[in-house]
Amino acid sequence: MSDTVPNQPADSGMVSECKVDGPFWGALKRDLLLSYRRKSDLVNPLIFFLMVATLFPLGVSPDPGFLADVAPGVVWVAALLATLLSMDSLFRSDFEDGTLEQILLSPQPLYMVVLAKVLAHWMLTGLPLTLLAPLLGVMLFLPADGMSGLVISLLLGTPTLSLVGAIGAALTVGLRKGGVLISLLVLPLYIPVLIFGSAAVQGAVTGLPLGGYFAILGAMLSLGLVMAPLAIGAALRISVSG
Amino acid sequence: MAEKKWMPRWFYQLASPRWCYEITGKLLPIFAIAAVATLLVGTIWALAFAPADYQQGNSFRIIYIHVPASILAQSCYMMMAVAGAIGLIWKMKVADMVAKACAPIGATIAILSLATGAIWGKPTWGSWWVWDARLTSMLILLFLYLGIIALNSAIENAQTAAQSTAVLALVGLVNIPIIKYSVDWWNTLHQPATFTLTERPAMPSEMWVPLLVMVIGFYCFFAVAMMLRLRNEIIQRERRSSWVRDLITG
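The numbers attached to residues start from 1 for each chain and follow its sequence in the written order. Lettering for chains starts from A, numbering for ligands starts from 1, and both go in the order in which the items are written. Local features in a predicted model are, by the rule used here, given only for residues with pLDDT of at least 70; side-chain atom pairs are given and counted only at 80 or more, and totals for whole chains, interfaces and linings are based on all residues.

A. Region of the structure containing the overall build of chain B. Elements are defined by DSSP. Helices are runs of H or I of four residues or more, strands are runs of E of two residues or more, and each kind is numbered from the N terminus. When helices and strands are tallied, chain B shows eight helices and zero strands. Element order for chain B, N to C, with α for helix and β for strand: α-α-α-α-α-α-α-α. Principal-axis analysis of the C-alpha atoms places the extent of chain B at approximately 65 × 40 × 40 Å. Any residue surrounded by 20 or more other C-beta atoms within 10 Å of its C-beta is treated as buried, while 12 or fewer makes it exposed and the intermediate range makes it partly exposed; C-beta atoms here are placed from the backbone. For chain B, with 250 residues in total, the buried portion stands at 39%. Note on contacts: residues are paired as contacts if their backbone-placed C-beta atoms lie within 7 Å. Considering only intrachain contacts with a sequence separation of at least 6, the fraction spanning at least 24 residues in chain B is 78%.

B. Here's a closer look at the overall build of chain A. Looking only at helices and strands, chain A features 10 helices and zero strands. Its helices and strands in sequence order give chain A the pattern α-α-α-α-α-α-α-α-α-α, from N to C terminus. By principal-axis analysis of the C-alpha atoms, chain A measures approximately 85 × 40 × 30 Å. Within the span of chain A, comprising 242 residues, buried residues form 45% of the whole. Relative to all contacts within chain A whose residues are 6 or more apart in sequence, the contacts with residues 24 or more apart total 81%.

C. A look at the interface of chain A and chain B. The partner chain B presents 23 residues to the 20 residues of chain A that form the contact. Elements with a minimum of two residues in the side of chain A that touches chain B: α8 (146-172), α9 (179-206) and α10 (211-241) of chain A. Sort the elements by how many residues they give to the side of chain A that touches chain B and α9 of chain A lands first, with nine residues. By the convention adopted, Pro, Cys, Tyr, Trp, Phe, Met, Ile, Leu, Val and Ala count as nonpolar, Lys, Arg, Asp and Glu as charged, and the other residues, Gly among them, as polar. A class-by-class count of the residues in the side of chain A that touches chain B yields 18 nonpolar, two polar and no charged.

D. The arrangement of the confidence of the model for chain B in detail. Residues and elements named next belong to chain B. pLDDT expresses how confident the predictor is about each individual residue, on a scale running from 0 to 100. Averaged over every residue, the pLDDT of chain B is 86; the share at 70 or more is 91%. When mean pLDDT is compared element by element in chain B, helix α3 (residues 63-90) scores highest at 92, while helix α1 (residues 9-14) scores lowest at 74. Across the assembled chains, the prediction reports ipTM 0.83 with pTM 0.86.

E. Focus on the packing of α8 of chain A against α9 of chain A. Axis definition: a line fitted to C-alpha atoms, limited for helices to the stretch in contact. Angles are taken between N-to-C directions and run from 0 to 180 degrees. Running from N to C, α8 of chain A and α9 of chain A cross one another at 170°; their axes reach a closest spacing of 9 Å. Classed by the angle they form, the pair α8 of chain A and α9 of chain A counts as roughly antiparallel. Angle categories are assigned with fixed cut-offs, so that under 35 degrees is roughly parallel, over 145 is roughly antiparallel, 65 to 115 is roughly perpendicular, and the rest are oblique.

F. Representation of the nonpolar core. Ranked by size, the top nonpolar core spans 142 residues in total, and within it V75 of chain A together with C102 of chain B carry the most contacts. Discounting chain neighbours no more than four positions away, the residues touching V75 of chain A are A53, A133, L136, G137, L140 and L150 of chain A. Each nonpolar core comprises buried Ala, Val, Leu, Ile, Met, Phe, Trp, Tyr and Cys residues, the members being joined through C-beta atoms within 7 Å.

G. Seen up close, unusual backbone geometry. At F141 of chain A, a residue that is not glycine, the phi angle is positive and equals roughly 60°. Looking at the element boundaries, F141 of chain A is found in the loop between α7 (126-139) and α8. Under the C-beta neighbour-count criterion, F141 of chain A is labelled partly exposed, with 17 such atoms within 10 Å. Here K91 of chain B, not a glycine, exhibits a phi torsion of approximately 50°, which is positive. Tracing the chain through its elements places K91 of chain B in the loop between α3 and α4 (93-125). Classification of K91 of chain B by C-beta neighbours within 10 Å gives exposed; the count is 12.

H. Quick peek at the environment of C220 of chain B. Here C220 of chain B lies in helix α7 (residues 205-237). Look past the residues within four positions of C220 of chain B in its chain and what remains in contact with it is F31, A34, A35 and T38 of chain B.

I. Up close: the environment of S183 of chain A. If you trace the backbone, S183 of chain A turns up in helix α9. With 70 residues separating them in the primary sequence, S183 of chain A and V113 of chain A have C-alpha atoms 24 Å apart.

Put into structure tokens, the structure is as follows:
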């Protein structure tokens, strides 16, 4: 009989590389790389974000005083809609080419993979939106005092939007026309983030202490980080098996 | 070796669509009679015999529809989410069907609550709608119901639809307290809850006893509507089984 030890790694270098990679970093790297190779898709939510904000002065009133009043809400609603718009494609291509099925079948913890995918999505939409937001603030005459509140609230709020939106994306990924449906499912769940996000900006404009708003946005983010990947994983399993 | 039972027997029996169909058939007339009786007594008592409010006069009487509808709309969501969870965890078909039956009823009751609220708001606050915390959170509850109904009808496979809806209902259940408090802190004008379990109502008993009767009546009505929808759903989904064929062909 052969005296070779089973389960011995063929190449120890590869094993250590796998450890460094892990399911989380592997999924994150893959998603970022895939998006980087289709750069035009990356800019679309940002252009949408700018366009929506342009509609308000045109549609309602270009008066600087009025715009300054509505700016916190408008920027937040525009960010929310831009996130929502990009949500549908989160799992779509993976579902269509069968990658999603392989992810579900793989022994890697689904929680980490899902978390990595959502993080990649946020880095490509939520983060650029946050960085672009001060420009919109200037366009809408948001007082300079409100800028810090705007950026920090978006920084804390947009990951929650990505996490909650991913639940909707996971539920509708098996459907041919998920676009409108996903908004119906997700928008009601976005309301708390919108309320505290825009309230933080209002508070920053009027010079109120902002700790409370940021604490609540942070609490919602923590809850989302812990719970949402579970719901996303369950929804993906249902969608793929159905 | 005796098998250890974790749940009472009726819980397992509920998993059988046939048993469920039969038991709801027996319960249905009881709840129907109770619903008609309590709603009739409650309505007449409320509209004719309960004293008028010293500030709002007779316009306050819409409370006898508005409050039960609002309570029921919320309980109905709870029931839908719990039934959905049972369906997800124990893979119980009947629980899925209960959850599916709850959604349209809950949505309708939520619309009733909003409509009666608007009608009451006009004479009391001077406008049909105000962006107040409780109104807004009820509106969001309606949106959640509509999302669940939309998702359920978009998925063709009944089992997948039930599971997806259950996940969404559970996510909504976690979110409802968050929505409620966020909206509460955002803006409020509405009076606080009329009924709480822990305190005596602030109104005299001649006013709240008929209200209690109406609440019970609404719950009985909900039970009747839910069972009718459930039985319909059972028959439809089990149409290929022999007992349904026997039932239909007589």
